Amino acid sequence: MKDSTTPTQYWVTKGATITNGGREYVILNLADVNAVFARDVETGNKVLLKMGDIGPPTVVEAKSVAKTAEPELLDVTEYEWAIAQKRRQWIEPLLLSRYQRSNALYDAIAAEAQVSRATVYRWVTAYRATGTLSSLLPMYRNRGGKAKPRITPEVEAIIAKTLAEFHDTDQHASIAATVKEIRRLCSNAHLKLPAANTIRIRLDQTNGPERTLLRYGAAVAHAKHQPIKGVIPDADWPLSIVQIDHTLLPVMIVDDKHRKSIKRAWITLAIDVFSRVCLGMYLSLEAPSAMSAGMCISHAILPKDDWLRRRGIVSVDWNMWGVMGILHMDNAREFRGDMLKSACRVYDIDIHLRPVKKPRYGAHIERLMGTTVLFRNSRDFLQLADAMSPRYHAAASFFYSQSPHPPCSPISGASDTAISQHLASSQSNWPKPAEANPEAGPT
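Just so you know, these numbers come straight off a predicted model, no measurement behind them.

1. Looking at the pattern of salt bridges
As enumerated under the stated definition, the model contains 11 salt bridges in all. Residue Asp 168 pairs with Arg 211 through a salt bridge whose shortest N-O separation is 2.7 Å. Of the two residues, Asp 168 sits in the loop between helix H4 (153-167) and helix H5 (175-188) while Arg 211 sits in helix H7 (residues 209-216), which places them 43 residues apart along the sequence. Taking the relative accessible area as the measure of exposure, Asp 168 reaches 14% and is therefore buried. Of the charged contacts in the structure, one is a salt bridge between Glu 181 and Arg 184, with a shortest N-O distance of 2.7 Å. Here the residue Glu 181 and the residue Arg 184 both occupy positions in helix H5, the gap between them amounting to three residues, near one helical turn. Glu 181 sits in the buried class, given a relative accessible area of 18%. The class of Arg 184 is partly exposed, set by a relative accessible area of 34%. Where salt bridges share partners, they join Asp 245, Asp 330, Arg 354 and Glu 366 into one cluster.

Below, the structure written as structure tokens:
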């Protein structure tokens with residue numbers, strides 16, 4: 001402070017003198033409990049200072065307003081002179097002292113000219129200041145123009161500060177909350193409140209990758225603003241590249257006797273990149289593992305005629321099977337184990353792992369999984385709505401198949417004994433499609 005002794009308490013009020021960074025300021029208004037508007041004593045610049053002198057002040061730049069120059073008389077058209085003359089005729093009664101200048105007279109002139117009363121006031125003030133007809137010429141160039149700011153520098157500073165510290169954060173503040181916060185700060189600073197549409201337009205104009213990055217992270221910003229270019233190389237024929245992944249189905253499995261919830265089911269899917277055909281699947285109550293990955297791969301390799309026949313599906317042909325050239329997967333633990341590597345090495349299957357946390361490199365399988373989980377909205381599964389209890393409105397039950405083939409795994413209804421024994425040992429081989437046991441088809 002300017003005093004030689006610093007007081008132990010200081011009242012932060014309008015008109016008080018404060019210091020910041022070795023410079024003196026005069027408080028103009030209180031913007032918030034943590035910020036004040038002040039004017040630099042030396043330069044006259046208006047600044048937004050934080051309480052406690054935390055960080056550098058935000059300088060409010062002076063609004064660049066073009067000087068209102070007198071119009072070049074040679075450039076004025078006859079049409080514009082006619083407009084000025086008409087305006088002079090309208091305000092003539094207000095310029096004569098013998099007429100009473102009442103609001104009713106202003107309203108009558110405004111109605112005749114089809115303008116507001118404030119516009120008539122401006123015409124009278126401009127003509128009285130100069131006494132020339134040129135003061136009533138239409139000044140189209142001084143109206144600001146489309147998309148040019150018309151709000152004060154103080155409000156501009158509050159909007160910029162609120163967008164940076166309140167809206168563009170990982171708290172995901174809504175547009176309505178941001179508008180309310182900006183108008184609150186302006187009200188506390190006794191400034192004219194900006195319209196809600198003004199703030200929304202400002203957000204739309206600055207809405208881009210930078211804002212999405214600050215609010216939602218790099219992954220969402222890339223997915224929303226960056227185009228996915230290019231194609232997967234070497235996927236030039238069927239079975240050249242097969243992608244595989246797991247997803248949790250939006251279905252709660254319940255016990256068929258007591259109707260108690262067990263858990264949600266996992267599904268493992270394999271898709272051929274070239275033809276976009278689903279080659280294999282495996283449904284299980286267990287979490288994803290090397291076993292579920294191997295069962296799905298085996299299902300993709302083996303013929304599926306007997307698998308369909310055991311389930312009573314005779315009107316559908318699933319004639320897609322065979323050994324793939326490349327397995328394309330993410331970096332999950334079950335895809336990086338020695339058991340899967342050894343089994344793939346037997347059939348000369350290359351394993352390609354996509355970059356970590358980059359699901360766009362596995363777009364085919366990701367889209368297939370997204371399509372699969374949407375079946376809950378179909379007519380057959382409307383009973384699985386969130387408002388219904390799966391214990392009493394179950395559409396699927398935990399069961400064991402009672403067909404004459406060997407013992408089956410839960411849900412799948414297909415025997416997995418031969419393949420599970422093979423996958424449990426890295427030294428055994430996968431059964432070739434020509435030598436496959438019809439009773440050993442996977443899910």
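2. Points about the packing of aromatic side chains
The final tally for this structure, using the stated rule, is three aromatic pairs. Centroid distance Tyr 106 to Tyr 121: 4.2 Å. Interplanar angle 25 degrees. Geometry classified as stacked. Within this pair, whereas Tyr 106 is found in helix H2 (residues 103-113), its partner Tyr 121 is found in helix H3 (residues 117-130), the two being separated by 15 residues in sequence. Exposure remark for Tyr 121: the relative accessible area of 31% places this residue in the partly exposed category. Judged by centre distance (5.8 Å) and plane angle (75 degrees), the ring pair of Trp 307 and Trp 318 falls under edge-to-face. Taken together, the residues span a long stretch of sequence, with Trp 307 in helix H10 (residues 305-310) and Trp 318 in the loop between H10 and strand S9 (326-329) at a distance of 11 residues. The aromatic ring of Trp 318 is capped on one face by Lys 304, whose charged end is 5.3 Å from the ring centroid.

3. Focus on the nonpolar core
One finds Val 242, Ile 244, Ile 297, Met 324 and Leu 327 to be the most contacted residues of the largest nonpolar core, which totals 20 residues. Secondary structure elements with two or more residues in this core: strand S6 (241-255), strand S8 (278-284), helix H9 (290-301), S9 and helix H11 (338-346). Per element, the largest residue contribution to this core is six residues, and it comes from H9. If sequence neighbours within four positions are ignored, Met 324 has contacts with Leu 239, Val 242, Ile 297, Ala 300, Ile 301 and Ile 349. Counting 17 residues, the second largest nonpolar core, distinct from the first, contains Ile 159, Val 179, Ile 182 and Ile 199.

4. Looking at the packing of H2 against H3
With their axes 8 Å apart at the nearest point, H2 and H3 run at an angle of 100 degrees to one another. Between H2 and H3, the angle falls in the class roughly perpendicular. Contacts between H2 and H3 involve Asn 103, Tyr 106, Asp 107, Ile 109, Ala 110 and Ala 113 on the former and, on the latter, Arg 117, Val 120, Tyr 121, Trp 123 and Val 124. Tallied by class, residues from the contact of H2 with H3 come to eight nonpolar, one polar and two charged.

5. As for the pairing of strand S7 (residues 261-272)
Two strands pair when backbone bridges link them, and S6 and S7 are joined in this way by 10 bridges, in the antiparallel orientation. Its bridge partner lying in S7, Val 242 is registered against Asp 272. Turn length for the S6-S7 hairpin, with the two strands adjacent in sequence and antiparallel, is five residues, and the turn residue Arg 259 shows positive phi of about 60 degrees. One ladder, built from six bridges, connects S7 with S8; its direction is antiparallel. Residue pairing in the sheet places Leu 269 in a bridge with Met 281 of S8.

6. Some words on unusual backbone geometry
The phi torsion of most residues other than glycine is negative, and most of the peptide bonds are trans. Unusually for a residue other than glycine, His 190 sits at a positive phi of about 60 degrees. Positionally, His 190 belongs in the loop between H5 and helix H6 (196-205). Notably, Leu 239 is not glycine yet its phi reads approximately 70 degrees, a positive angle. Examined against the element boundaries, Leu 239 turns out to sit in the loop between helix H8 (218-225) and S6. Residue classification places Leu 239 among the buried residues on the basis of a relative accessible area of 19%.

7. A look at the packing of H4 against H5
Between H4 and H5, whose axes approach to 10 Å, the crossing angle comes to 140 degrees. With respect to H5, the axis of H4 lies oblique. Classified by chirality, the crossing of H5 by H4 is right-handed. Packed against H4, whose contacting residues are Val 155, Ile 158, Ile 159, Thr 162, Leu 163, Phe 166 and His 167, the element H5 presents Ile 175, Ala 177, Thr 178, Glu 181, Ile 182, Leu 185 and Cys 186 at the interface.

8. Details of the state of the cysteines
This structure, assessed with the given rule, holds zero disulfides. Here Cys 278 stays free of any disulfide, with the sulfur of Cys 296 as its closest cysteine sulfur at 7.3 Å.

9. A look at H5
End to end, H5 covers 20 Å across 14 residues, agreeing with the expected 20 Å (1.5 Å per residue, within 8%). Buried residues of H5: Thr 178, Val 179, Glu 181, Ile 182, Leu 185 and Cys 186, and no others. Buried residues of H5, viewed axially, fall in a sector of 165 degrees; they line one side. With respect to the buried face of H5, the exposed residues turned more than 90 degrees away are Ala 176 and Lys 180. Positive backbone phi, approximately 60 degrees, marks His 190, located one or two places after H5.

10. Brief notes about the confidence of the model for the protein chain
For the protein chain, mean pLDDT is 75; residues scoring 70 or higher make up 73% of the total. Note on residues 1-6: pLDDT is under 50 here. Beyond four places in sequence and across chains, it has six contacts. Below a pLDDT of 50 lies the segment residues 63-69, which in the model reaches six contacts outside its immediate sequence neighbourhood of four places, other chains included.

11. A short note on the environment of Asn 331
Examined against the element boundaries, Asn 331 turns out to sit in the loop between S9 and H11. Distance in space between the C-alpha atoms of Asn 331 and Lys 357 is 8.6 Å, their sequence separation being 26 residues. Ignoring sequence-local partners within four residues, the contact set of Asn 331 consists of Arg 336, Leu 353, Arg 354, Pro 355 and Val 356. Looking at Asn 331, its side chain comes within polar contact range of the main-chain oxygen of Arg 354, at 2.4 Å.

About the criteria used
- Residues numbered from 1 in each chain as written.
- Predicted model: local features only at pLDDT ≥ 70, side-chain atom pairs only at ≥ 80, totals over all residues.
- Heavy atoms only, no water.
- Salt bridge = Lys/Arg side-chain N within 4 Å of Asp/Glu carboxyl O.
- Helix = DSSP H or I, 4+ residues; strand = E, 2+ residues; numbered from the N terminus.
- Buried < 20%, exposed > 50% of the residue type's maximum accessible area, 1.4 Å probe, protein only.
- Phe/Tyr/Trp six-rings, centres within 6.5 Å; stacked < 30°, edge-to-face > 60°.
- Lys NZ or Arg CZ within 6 Å of the ring centre and 35° of its normal.
- Core = buried A, V, L, I, M, F, W, Y, C linked by side-chain atoms within 4.5 Å.
- Contact = heavy atoms within 4.5 Å.
- Axes fitted to C-alpha atoms, helices over the stretch in contact; angles between N-to-C directions.
- Parallel < 35°, antiparallel > 145°, perpendicular 65-115°, else oblique.
- Nonpolar A, V, L, I, M, F, W, Y, C, P; charged D, E, K, R; others polar.
- Pairing = 2+ DSSP bridges.
- Left-handed = near helix turned anticlockwise from the far one by under 90°.
- Disulfide = S-S within 2.5 Å.
- Expected span 1.5 Å × (residues − 1).
- Arc of directions from axis to C-beta.
- pLDDT = per-residue confidence, 0-100.
- Polar contact = N/O pair within 3.5 Å; in protein donor to acceptor, adjacent residues only side chain to side chain.

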